[in-house]
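Structural characterization, general
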Protein chains: 2
Amino acid sequence: MEALVESARRKGSAVVVGLDPAPGHLPPEIRALGLPEHLAARELCLGVLEATHPYAAAVKLQSAYFERLGPDGAAVYAEVLRAADALGLPTIADVKRGDIGPVAAAYAEAHLSVYGATAVTVNPYMGEDAVAPFLEEARGLGRGGGAFVLVATSNPSAEAVQNSSEPPLHEAAARLVEGLGRTGPSGYADAGAVVGATRPALGRRVRELLPRALFLSPGYGAQSGDAASVRALLDERGAGVLVNSSRGIVRAFQGAPEADYKSAARDAARRMREDLAGAGVKT
Amino acid sequence: MEALVESARRKGSAVVVGLDPAPGHLPPEIRALGLPEHLAARELCLGVLEATHPYAAAVKLQSAYFERLGPDGAAVYAEVLRAADALGLPTIADVKRGDIGPVAAAYAEAHLSVYGATAVTVNPYMGEDAVAPFLEEARGLGRGGGAFVLVATSNPSAEAVQNSSEPPLHEAAARLVEGLGRTGPSGYADAGAVVGATRPALGRRVRELLPRALFLSPGYGAQSGDAASVRALLDERGAGVLVNSSRGIVRAFQGAPEADYKSAARDAARRMREDLAGAGVKT
């Protein structure tokens, strides 16, 4: 994850801007263009990217919202990834793929090489076979990328699967991350973890298991997490967490009727960077 | 899963033909055409589909092998799904997606509605929130589709994640399937389970937990499973299992140098149907 850590340090920002072109949430000025849905999604993503990149460590693309736009959506997904790359911004393909062996290798090739994301999110249900091929692909590409493995997600129904056995599933996932990652010059491993910020005790426990992993934490703003709740995830240095906000930035215009969507997104990203820094989240 | 059960009964076949256009395994007669990679994959999938559909209950498309072909691959994926549909053959999109709420709903819309698969495979790591949207989408479409949830996969590294806690993860996944599925006129629920055939004791245990679920079992042939090992997964009626073979059919030409790839695939699918029926696998 060297590229992500380097970018976060250079920008002084732990902010990941989530480019989620969810259906039914277009800003009025894009709706007014009357574009086909995939081109409206393209406009939104490129506009938010342009407005927010000075304040972001990385951008994260939610694959599902491009997949539902069919083959045209795949082309837009490719274009947005290229546009972020042209701005020097690392990209996280939020694909949560989980398959094994040659199939996992094909997913890794698709999203890290063909589409060119810096990092991906990965689902560990099928074990090591489902994670290792992504790390191998990232290492082969040598661009400082890696994989964030789902460890402890913050959605309500995760509890019954991830935390209800002994030992709990999140520990098995954390062991996978710890066992497969290789630590780089930044001090962080190329295997990271997706850890929600809404349950501090669980977050602290996962941090104990993964002292040198970069965490990707969703849920800032819209999903009831805040900067204070991120503190439980920090490492010894007070760093090691990238915090994603999707709705809070892409839909910031909904809470700022006088502003255009780009200004609203820019202000939201800037405020989030300051909010995190103010809460002691280092990069 | 009514459409899948109906098709299996009509064809007298528990065979699912896995259309896996894996890189580096093209038949010589397609290689000789010198096509771009996505068109070679298209040729292979449409050729195997044409050759094998009389012997198949369904076809399964491995999403990863289309994703690695970029936006052109997405168009081929769409075309192959339409071609199967035109032959009256139900389709399983092997996407193993695992995300929650509106993101899961977008994946469900993508693969069941936009691309038009009959059923999908789903990863339960994030719990009920990750499974329910697929069932809702399938119910809304009313085409007798559903979702196969990963429960007990047969890859070696699954053990450390799925079977190493108390209660084991596969039980939590099975409870999810049992709780969310709705039983249709066929006697099977619209939530099915992916269960490997390589560990009979585990298979029998999952069948006890899920008496009315349709199982999708990978690994026939290439992955060391055989018709006898499928028997552990059968329900009280001696049915309830669809068995996938990918390499064994799509790459059957590699073991039959005198035959063209379509004849080799056709023979492999026909033999597999007979092999399963001979072992007492009913439909």
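Report on the accompanying structure. (Residues numbered from 1 in each chain as written. Chains lettered and ligands numbered in written order. Predicted model: local features only at pLDDT ≥ 70, side-chain atom pairs only at ≥ 80, totals over all residues. Heavy atoms only, no water.)

To continue, consider the relation of the copies chain A and chain B. Between the two copies, chain A and chain B, the superposition gives an RMSD of 0.0 Å; the rotation angle is 180° and the shift along the axis is 0.0 Å. Expressed as an axis order, the relation between the two copies is that of a two-fold axis. Here 100% of the contact residues of chain A are again contact residues in chain B; the copies associate through an equivalent surface. (Least-squares fit on C-alpha atoms with pLDDT ≥ 70 in both. Contact = heavy atoms within 4.5 Å.)

Our next topic: unusual backbone geometry. Residues and elements named next belong to chain A. The omega torsion across Glu166 and Pro167 is -5°, close enough to zero to call that bond cis. Mapped onto the secondary structure, Pro167 falls in the loop between α8 (159–162) and α9 (169–180). A positive phi angle, near 45°, is found at Lys96, a position not held by glycine. By relative accessible area, which is 7% here, Lys96 ends up buried. (Helix = DSSP H or I, 4+ residues; strand = E, 2+ residues; numbered from the N terminus. Buried < 20%, exposed > 50% of the residue type's maximum accessible area, 1.4 Å probe, protein only.)

Once that is clear, we can look at the interface of chain A and chain B. Contact residues are listed per partner, giving 52 residues for chain A and 52 residues for chain B. Across the chain A/chain B interface, buried area totals approximately 4,000 Å², and carbon plus sulfur atoms make up 57% of it. Our count for the chain A to chain B interface comes out at 6 salt bridges. As a salt-bridge pair, Arg68 of chain A and Glu109 of chain B come within 2.6 Å of each other at their nearest N and O atoms. At the junction of chain A with chain B, the criterion picks out 30 residue pairs in polar contact (both at pLDDT 80 or more). Those elements that place two or more of their residues in the side of chain A that touches chain B are α4 (63–67), α5 (70–86), β3 (91–97), α6 (101–114), α7 (128–141), β5 (146–152), α8 and α9 of chain A. The dominant element in the side of chain A that touches chain B, judged by the number of residues it contributes, is α6 of chain A, at 8 residues. (Buried area = accessible area lost by both parts, 1.4 Å probe. Salt bridge = Lys/Arg side-chain N within 4 Å of Asp/Glu carboxyl O. Polar contact = N/O pair within 3.5 Å; in protein donor to acceptor, adjacent residues only side chain to side chain.)

Once that is clear, we can look at the environment of Gly144 of chain A. Along the chain, Gly144 of chain A falls in the loop between α7 and β5. On a C-alpha basis, the gap between Gly144 of chain A and Val5 of chain A in space is 9.2 Å, while along the polypeptide they are 139 residues apart.

A few words on the sheet that holds strand β4 (residues 119–122) of chain A. Strand pairing in a sheet takes place through backbone hydrogen bonds and is either antiparallel or parallel in direction. All names here are of chain A. The 8 strands are arranged β1-β2-β3-β4-β5-β6-β7-β8 in a closed barrel whose pairing can be described as parallel. Adjacent strand axes in the sheet meet at a mean angle of 30°, parallel and antiparallel pairs treated alike. This element, helix α1 (residues 2–11), spans β2 (58–62), β3, β4, β5 and β8 (241–245) of the sheet and lies at about 80° to β8. (Pairing = 2+ DSSP bridges. Axes fitted to C-alpha atoms, helices over the stretch in contact; angles between N-to-C directions.)

Residue and element names in this part refer to chain A. Per the counting criterion, the structure on display carries 4 aromatic pairs over all chains. Aromatic pair Phe66 and Tyr77: ring centres 5.5 Å apart, planes at 50°, arrangement tilted. One end of the pair, Phe66, is in helix α4; the other, Tyr77, is in helix α5, with 11 residues separating them in the sequence. Grouped by ring-pair contacts, the aromatic residues Phe66, Tyr77 and Tyr115 constitute a single cluster. (Phe/Tyr/Trp six-rings, centres within 6.5 Å; stacked < 30°, edge-to-face > 60°.)

All names here are of chain B. An order of β1-β2-β3-β4-β5-β6-β7-β8 is seen for the 8 strands of this closed barrel, with the pairing classed as parallel. With direction set aside, neighbouring strand axes in the sheet form an average angle of 30°. Bridge count between strand β2 (residues 58–62) and strand β3 (residues 91–97): 4 bridges; the pairing is parallel. Looking at the pairing, Lys60 lines up with Ile92 of β3. Where helix α6 (residues 101–114) meets the sheet, it contacts β3 and β4 (119–122), and its direction lies at approximately 155° from that of β3.

Residues and elements named next belong to chain A. Looking at the secondary structure, you find Arg143 in the loop between α7 and β5. Spatially, the C-alpha atom of Arg143 lies 8.8 Å from that of Met1, the residues being 142 residues apart in sequence. The residues contacting Arg143, other than those within four sequence positions of it, are Ala3, Leu112, Gly116, Ala117, Thr118 and Ala138. In this structure the side chain of Arg143 is engaged in a polar contact, spanning 3.5 Å, whose partner is the backbone oxygen of Gly116. Within the structure, the side chain of Arg143 is placed 3.0 Å from the backbone oxygen of Ala117, a separation counted as a polar contact.

Note on placement: His170 of chain A falls in helix α9. Overall, the relative accessible area of 6% leaves His170 of chain A in the buried class. Those residues in contact with His170 of chain A that lie beyond four places of it in its chain are Val151, Ala152, Gln162, Asn163, Leu202, Arg205 and Val206 of chain A together with Tyr125 of chain B.

This part takes up the packing of helix α3 (residues 37–52) of chain A against α5 of chain A. Residues and elements named next belong to chain A. The N-to-C vectors of α3 and α5 enclose an angle of 15°; their axes lie 10 Å apart at closest approach. The pairing of α3 with α5 is recorded here as roughly parallel in orientation. Seen from above, α3 lies across α5 with right-handed handedness. For the pair α3 and α5, contact is made by His38, Arg42, Cys45, Leu46 and Leu49 and by Asp72, Gly73, Val76, Glu79, Val80, Ala83 and Ala84, respectively. (Parallel < 35°, antiparallel > 145°, perpendicular 65-115°, else oblique. Left-handed = near helix turned anticlockwise from the far one by under 90°.)

Now for a nonpolar patch on the surface. Residues and elements named next belong to chain A. A cluster of nonpolar residues, Leu33, Leu35 and Leu39, forms a patch on the protein surface that exposes about 230 Å² of accessible area. Looking at the element boundaries, Leu35 is found in the loop between α2 (28–31) and α3. Residue classification places Leu35 among the partly exposed positions, given a relative accessible area of 32%. (Patch = residues over 30% accessible without salt bridge, like charges linked within 9 Å, V, L, I, M, F, W, Y side chains within 5 Å. Areas by Shrake-Rupley, 256 points an atom, 1.4 Å probe, with all protein chains shown as cover.)

Under the 1.5 Å per step criterion, the end-to-end length of α6 of chain A is 18 Å for 14 residues, consistent within 8% with the ideal 20 Å. If you check which residues of α6 of chain A are buried, you get Val103, Ala104, Ala106, Tyr107, Ala108, Ala110, His111 and Leu112 of chain A. (Expected span 1.5 Å × (residues − 1).)

Residue and element names in this part refer to chain B. For strand β1 (residues 15–19), the buried fraction is high: 5 of the 5 residues fall into the buried class. What you see with β1 is no split at all: Val15, Val17 and Leu19 on one side and Val16 and Gly18 on the other are buried throughout. Both β1 and strand β8 (residues 241–245) contribute to a ladder of 3 bridges, which runs parallel. Within β8, the position partnered with Val15 by the bridge is Val243. With 4 bridges joining them, β1 and β2 adopt parallel strand pairing. Its bridge partner lying in β2, Val16 is registered against Ala58.

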